[in-house]
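Listed below are the residues making up each chain.
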Amino acid sequence: MNKAVTSGIRRRYLLLSLSILLVLTAAGTGAFLYMKYSQDELRVERERLYDKQVKLETLRDSLNDMFFRARGYAAFQYEKELDLVYKDLDEINNALEELKDVRLTSEEKQMTEELTTFLAKYEQETLPQLIRLVEGKDYEGLRNFSSNGLTDSVNQFMAYAKQYKTNIDDELEGLSTEMIEQANQFTFVMVGFLLLLFVFIAYLIWRMMKDIVRPLEQMRQATDDFASGKSFSLLPVNRNDEIGVLFSSFGSMIRTIQEKEEELTAQNEELITQQEELQKHQHKIEESLHETKQTKERLERYNDLNHVLSFTLNKQELADSILEYLDSIYELDLGMFWIRESGERALKGMTDALFEEFSTNRTDYIDQRLKEDDFFMVTREASHEKGLAADSVLVHDYFSGVNNPEGDMVALFGASRIGRVFSEEEQKELRGLLNRVALAIERIQLYERNVKERILNERIINNINEGIQFVGHDGSVLQRNEAVCAIINCGVPLDETIERAQWVDHLANQTDDPDQMREFLEGCMDSGAHHVQEYRYRILEPAERVIEVYSAPVLVNEEKIGTILVHRDITREYEVDQMKTELVSTVSHELRTPLSSVLGFTELLLHKQLKPEKQKKYLETIYKEAKRLTNLINDFLDLQRMESGSQVYQMEPLQINELAVEAIARFRTESSHPLVVVDEAADVQVEGDKERLAQVLTNVIGNAIKFSPDGGHVTLTLSNDENNVIVAIQDEGIGIPAEDIPKLFNKFQRIDNSARRKIGGTGLGLAICREIIEKHNGTITIESEEGKGTIVRFLLPLLSTGRHRIARPESNENSPSVMIVEDDMSLALLLSEELKMSGFTVMYHTNPSEAFEEAKRTPLVGIVIDLMLGDDLSGWDLVELLKKEEKTKDIPIIISSALDQAEGKGKLHQIDHYLTKPYPPTQLSKAVIGFLTGPIQQGVIFYPERGSAQDEGK
C-alpha cells in the first residue's frame, strides 16, 4: 500500500491541529506578556508615588513639629523644647536630601528649593533671634517677631504640603483605576481565547465525524445487513486515504465471502455428518469407560475387603466390611452377617427387633439345612417387604454358613432380593467369598486367644511383688513388670527397650556402691554365666531401701538367650532384723544399767552399816532406778498393745490447756529448766483419752528437757488453726540433724552421735506418741536445727469447729502478751480464758524468779501477780524486782490476791490495778484493755467489790 495513502488522515489532522494550536498559543502568550508588562509599569509608578508621598508626609510632620516646639520654647522658655527644635531641623534636612533622589516635577523642585532656602534662613537668622528674645525676656519683641510674616510663610508651606499630598493621592487612585481596567481587558482577551479554542475543538470534531465516523457507520450498517441476509448497498468512496482503502478491502471481502458461501455450506454438511459419527464413537467410549470405572471400583472394593480380611483384628469391622462389599456387588435388599460365637453382627434393612426374632425362632431350621448343604436359597411371598405393590411379590432368600477347618459354623450370612433371584453363578461366588472370610475369622480368634494369654501372663507377672527383668543376649532389657519400677526408678516406659549400657548405669547409680552393682550385673549377663547369682544392694533415693536381686539364665537348646533378674524389696525384713538387734542391745543396756544400780545399792544396804542420811540417799537412788525400769517396761507393754490393736482409749471431752499446764507443773518440781506456757488458743476443747494425751505431753516435754543438757527454756505454745488446736513444745537443746528427722518416729530409733549416746533412751517414746496422736485423728511433726533446738508440734481436731472465736486484727499477727503469775492453776486457766477471749496471748508462771526472767525477755502489755506465791519470793518481791529492772519497770502490773489491799498500802504506788479475790474475770480483761486504749494513771486501784476506783497517789 502507498505510504502517502496510508498516512493521509493522520497527517491531515495532525497538521491542522498543530497549526491552530500554534496560533492560539502565540496569541495567548503575546496577550499575557503585554498585560504583564503594562501591569509591571503601573506597579512601579505606584510604588514611586507612594514613596514620594511618604517622604513629603515625613517632611510635613517634621516641619510642623519644629514650628510647634519653637512656639512652645518661646511661650514657656523650656530648654528641652529648643533641643527638640534642632532635632527636627536635622530630620527636615535629611528629608530634603532624600527628596533630591526622587524624581520631582518642576513645581516640586521649586517648592523644595524654596523650603531649603527658608530653612537655612530660619536656622541662621530667625531661630537665633528668637533665642535672644526669649533669653532676654523681651515679650514685646516676641509679639513683634511673630507678626513679621514668619507665621504666614510657615502656614503657606504647610498648606502647600497638604495640597501636594492630595495631588499624590489622586495620582495613586488614577493608577489603581488604570490597573483594574487593564485586568478587565486581559479577562476579555482570555475569554476570547477560550472561545477560539472551543471553536477549534468543535471544528475538529465535526471534521472527524464527517471524514471517519460517518463512513464507518455506513460500513457497520452494511455488515449487519450482510450478516442478517438482507440486501445492502455499499457506495464507492472516492478517497485515497485509509477510509478509502478500508472500503475497497471490505467490498473485496464481501464479494469473496459470497463466492465461497456455497463451498462452505457443502463442507459444513460434511462436517456435521462426521460429528454425528464421532458422537457415536464417543458414546461407545464413554460406555467402555463406565464399565472400566465400575470394574475398577469393584476391584478397589475387593482390595479393601482383602485388606480387611488380611489385617483387621476387629470382628465388628470385619462384619461391616463384608456386608458392605457384598451389598455393593450383588445389590441386596436385606442383608445380615452374624458372627455366632461372639455376637458381632452387620445388618441392612433389618431392625434389631427383627434380628432378635430371627435369631430366636428361625436359626434351628437354617442350621439344619446348612448341615446338609453349604448354602441354600428360599423363595417366598413377600409380606412386609411388599410395600405398596398390589400384586403378589416374591422374595428370594440366600443363606450360607461360614465354617472353620473343623467344620463348625462360626458365622452366618443371609441376604434377600425382592423380585430378583440369585443366579447359580452368584450363589457359588458368594460361597467362595465366604470361605475366605472363614480364614479371617479364624485369624482374629487366634489373635484374641493370644492376646488373652498375653494379658493373663502380664497380669500374673505384674501382680507379683518381686520386680522381674528379662534381659536379651545382647544385654538390652526386653521386658519387665510394673513391680520393678516400684522398686527402682526405671526412667522410661515399661514397653520400651533399653540398651545395655544405659540401664546398667542408670540402676548402678541409684545404689550405695555403683561399681560393685555394675560388676554384678555384667557378670550375670556374661554368656558363660549359666548358674544362679545373688546380690544385696541399697537404693538411696527417695528413701533408703534394701533390695535383694538374683539372676537366672534363660536357656533354649542348652544355649543362653537371655537372663532373668528378680529384684525383691527386703527393707522390712532387714529393718526387723535390725530392730531385733537394736532391741537386744537397747534392752540389755537400758535394763542392766538401772539393775546394776539397784543391786549395788541394795547389797550395800544389806551388808554395811550406814548412816541414816546415806541410807535415805541410797533408797532414793534405788527408787529412781526402779521407776526408770518401770517406765521402760511400760513403754514396751504400750508398744506391744498398740501394735496388736488391744490398746483401749477412753475418749471424753478435754481442755488441752489444762493437760498442758498440769504437765508443765509436774516438771517444774523435777527440772531446773525454765518452763514457759504461751496460750494463744481461742478454742482448746478436744475429744481424747486424758491419760494417753498426758503421756504424749510428758514424753515430749521430758525429751525437750533431757536433750537440753546445757539448760535453756522449754516453751509450750497453744494455738489454733481453722479446725485444730496446735500444741508446740520448743527447746533450746542440741537439735537433730536434718537427715535423721524422718527416722525419729520409728521404733528403737536413736540418733547415732556422741551427745545423744550419753543421754540414753530406748527410742520408743516418739513412736508411742505418734501412735497415740494418730488414734486421735491428729498429726505430729518435728522441726529441728542441729545446735539450735527442736520443735515438736502436734495437731488435734477441735471437738466443735462451730464455736465462736475471737477475731484478731489482721494487721497484727502476734496478739499482745499478758503474763499470769499464779500458783492456783484453776484460777490461772479461768483468767487465761477471759484474756484470750479479749484477744490476748497468755503466759503462765508459778515461780516468781522464772517469771521475772521471762518478763525481761518477752514484750508484755501487762503482768497479773498473785501475792501468795512461794517461800522464796512473794508477789511483792516480784513487783520490786520488776520495778528496779530497766527493761521491765514500765510494764503495767495488776495484783490479783485474796489479801486486803490495806496490807500492802505502802506498796500500792508500784502497781496499776489491785483486784481482790473473788472478782469477775471480765474486770481483769477491762483493766488490761485499758492499758492499750488510754494513758496509764499510776496508783489507780480497782476495787471490784465496791465497783469504783480510788486514787491512792504515788
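For the structure, see preceding data.
We now turn to the structure provided with this report. (Residues numbered from 1 in each chain as written. Predicted model: local features only at pLDDT ≥ 70, side-chain atom pairs only at ≥ 80, totals over all residues. Heavy atoms only, no water.)

For the rest of this paragraph, the subject is the overall build of the protein. Within the protein one finds 24 helices and 24 strands. By sequence separation, contacts in the protein at least 24 residues apart represent 63% of the contacts at least 6 residues apart. Surface exposure of the protein reaches about 56400 Å², of which carbon and sulfur atoms provide 52%. (Helix = DSSP H or I, 4+ residues; strand = E, 2+ residues; numbered from the N terminus. Contact = heavy atoms within 4.5 Å. Areas by Shrake-Rupley, 256 points an atom, 1.4 Å probe, with all protein chains shown as cover.)

Counting through the fold element by element, T511 comes out in the loop between α13 (500-508) and α14 (514-525). Residue T511 is classed as buried on the basis of its relative accessible area of 3%. Of note is the side chain of T511, whose polar atom sits 2.7 Å from the backbone oxygen of A508. Beyond its immediate chain neighbours, meaning those up to four positions away, T511 contacts M517, Y537, R538, I539 and L540. (Buried < 20%, exposed > 50% of the residue type's maximum accessible area, 1.4 Å probe, protein only. Polar contact = N/O pair within 3.5 Å; in protein donor to acceptor, adjacent residues only side chain to side chain.)

Time to look at unusual backbone geometry. The phi dihedral of E331 is positive, around 50 degrees, even though this residue is not glycine. Relative to the helices and strands, E331 is located in the loop between α8 (315-330) and β1 (334-339). Look at E331 and you get exposed, because its relative accessible area is 54%. Its identity as a non-glycine residue notwithstanding, N777 has a phi of 60 degrees, on the positive side.

This part covers the sheet that holds strand β6 (residues 467-472). Here we have five strands laid out as an open sheet, ordered β7-β6-β10-β9-β8, and antiparallel in their pairing. If you trace the sheet from one side to the other, it starts and ends with β7 (477-480) and β8 (533-539), each paired once. Along the sheet, successive strands turn relative to each other by an average axial angle of 25 degrees, direction set aside. Contacts from α14 reach β6, β8, β9 (545-556) and β10 (559-569), with the element oriented near 150 degrees to β8. (Pairing = 2+ DSSP bridges. Axes fitted to C-alpha atoms, helices over the stretch in contact; angles between N-to-C directions.)

Here the focus is the environment of E442. Locating E442 in the fold gives a position in helix α11 (residues 424-462). Expressed as a C-alpha distance, the spacing of E442 and N403, which sit 39 residues apart in the sequence, is 9.5 Å.

Turning next to the packing of α13 against α14. Across the interface, α13 lies against α14 with an axial gap of 9 Å and an inter-helix angle of 140 degrees. Regarding the angle of α13 to α14, the classification is oblique. The interaxial crossing formed by α13 with α14 has right-handed handedness. Listed contacts from α14 to R500, W503, V504, D505, L507 and A508 of α13 are P514, M517, R518, L521, E522 and M525. In terms of residue class, the contact of α13 with α14 is made up of eight nonpolar, no polar and four charged. (Parallel < 35°, antiparallel > 145°, perpendicular 65-115°, else oblique. Left-handed = near helix turned anticlockwise from the far one by under 90°. Nonpolar A, V, L, I, M, F, W, Y, C, P; charged D, E, K, R; others polar.)

Interaxial distance between helix α18 (residues 690-706) and helix α20 (residues 765-775) falls to 10 Å at its minimum, and their mutual angle equals 145 degrees. Handedness of the α18/α20 crossing: left-handed. The residues of α20 that touch α18, namely those facing R692, L693, Q695, V696, N699, V700 and N703, are G765, L766, I768, C769, I772 and I773. Within the contact of α18 with α20, the residues separate by chemical class into eight nonpolar, four polar and one charged.

In this structure, I656, L697, I701, L716, I729, F794 and L924 are the most contacted members of the largest nonpolar core, which totals 62 residues. When near neighbours in sequence (up to four residues on either side) are disregarded, L697 contacts L659, A660, A663, L716, V727, I729 and F794. Counting residues in each nonpolar core, the second largest holds 32 residues, with M66, A74, I92 and L130 among its members. (Core = buried A, V, L, I, M, F, W, Y, C linked by side-chain atoms within 4.5 Å.)

Together, D65, D90, E91 and E123 give the surface a local cluster of negative charge. With respect to the element layout, D90 can be found in helix α3 (residues 79-100). Given the relative accessible area of 47%, D90 is considered partly exposed. (Patch = residues over 30% accessible without salt bridge, like charges linked within 9 Å, V, L, I, M, F, W, Y side chains within 5 Å. Salt bridge = Lys/Arg side-chain N within 4 Å of Asp/Glu carboxyl O. Lys, Arg positive; Asp, Glu negative; His and termini not counted. Charge placed at Lys NZ, Arg CZ, Asp CG, Glu CD.)

Here we come to the packing of aromatic side chains. For the coordinates displayed, the defined rule picks out nine aromatic pairs. Here Y535 and Y537 contribute two aromatic rings whose centre-to-centre distance is 6.3 Å and whose plane-to-plane angle is 15 degrees, an arrangement assigned as stacked. Each member of the pair Y535 and Y537 is classed as buried. One aromatic cluster in this structure is built from F358, Y365, F376 and F399. A cation over an aromatic ring shows up here: R369 above the ring of F376, its NZ or CZ 4.2 Å from the ring centre. (Phe/Tyr/Trp six-rings, centres within 6.5 Å; stacked < 30°, edge-to-face > 60°. Lys NZ or Arg CZ within 6 Å of the ring centre and 35° of its normal.)

Here we come to the pattern of salt bridges. Note that side chains of opposite charge can pair when their charged atoms are close. Going through the model one piece at a time under the given rule, you end up with 20 salt bridges. K315 serves as the salt-bridge partner of E448, at 3.2 Å between the closest nitrogen and oxygen. Taken together, the positions of E448 in helix α11 and K315 in helix α8 put the pair 133 residues apart, joining distant regions of the chain. Where E573 meets R568, a salt bridge forms, and the shortest distance between an N and an O atom there is 3.5 Å. E573 gets classed as partly exposed once you look at its relative accessible area, which sits at 39%. The exposure class assigned to R568 is partly exposed, which follows from its relative accessible area of 31%.

This part is about α18. Its 17 residues place the ends of α18 24 Å apart at the C-alpha level, agreeing with the 24 Å of an ideal helix rising 1.5 Å per residue. Within the span of α18, buried status applies to R692, L693, Q695, V696, L697, N699, V700, I701, G702, N703, A704 and I705. Where α18 begins, one side-chain oxygen reaches toward the backbone nitrogen of E691, 3.0 Å away; that side chain belongs to D689. (Expected span 1.5 Å × (residues − 1).)

Another aspect to go through is a positive patch on the surface. Taken together, the side chains of K608, K611, K614 and K617 present a region of like positive charge at the surface. Position of K617 relative to the elements: it lies in helix α16 (residues 612-644).

Turning our eyes to something else, we now look at the side chain of D679. Take D679: it is sitting in strand β12 (residues 675-679). Classification of D679 by relative accessible area gives buried; the value is 0%. A polar atom in the side chain of D679 sits 3.2 Å from the backbone nitrogen of A681. Apart from residues no more than four positions distant in its own chain, D679 is found in contact with N657, L718, S832, K836, F840, T841, V842 and Y844.

Right, let's talk about a nonpolar patch on the surface for a bit. There is a patch of nonpolar side chains on the surface, built from L14, L18 and L21 and spanning about 280 Å² of accessible area. In this fold, L18 is placed in helix α2 (residues 8-76). Owing to a relative accessible area of 43%, L18 belongs among the partly exposed residues under this scheme.

Turning our eyes to something else, we now look at the environment of Y50. Following the sequence through the fold, Y50 ends up in helix α2. Separated by 121 residues in sequence, Y50 and E171 have C-alpha atoms that sit 9.8 Å apart.

With that out of the way, let us pick up the sheet that holds β12. Strand order in the open sheet formed by 10 strands is β16-β17-β15-β14-β12-β19-β18-β20-β21-β22, with mixed pairing between adjacent strands. In this open sheet, the two edge strands, each paired with only one partner strand, are β16 (779-785) and β22 (913-916). Taken pair by pair, the neighbouring strands of this sheet meet at an average axis angle of 20 degrees, ignoring direction. Summarising the sheet, strand β18 (residues 817-821) and strand β19 (residues 841-845) pair through five bridges and their orientation is parallel. Residue pairing for β19: S817 is matched across the bridge by T841. Together, β12, β14 (714-720), β15 (724-730) and β17 (789-797) form the strand contacts of α18, whose direction differs from that of β15 by roughly 30 degrees.

It is worth spelling out the pairing of β15 at this point. Most of β15 is tucked away, with six of its seven residues classed as buried. A loop of three residues connects β14 with β15, the two strands running antiparallel in sequence. Bridge count for β15 against β17 is seven bridges, and the pairing is antiparallel. By the bridge assignment, I726 is partnered in β17 with L795.

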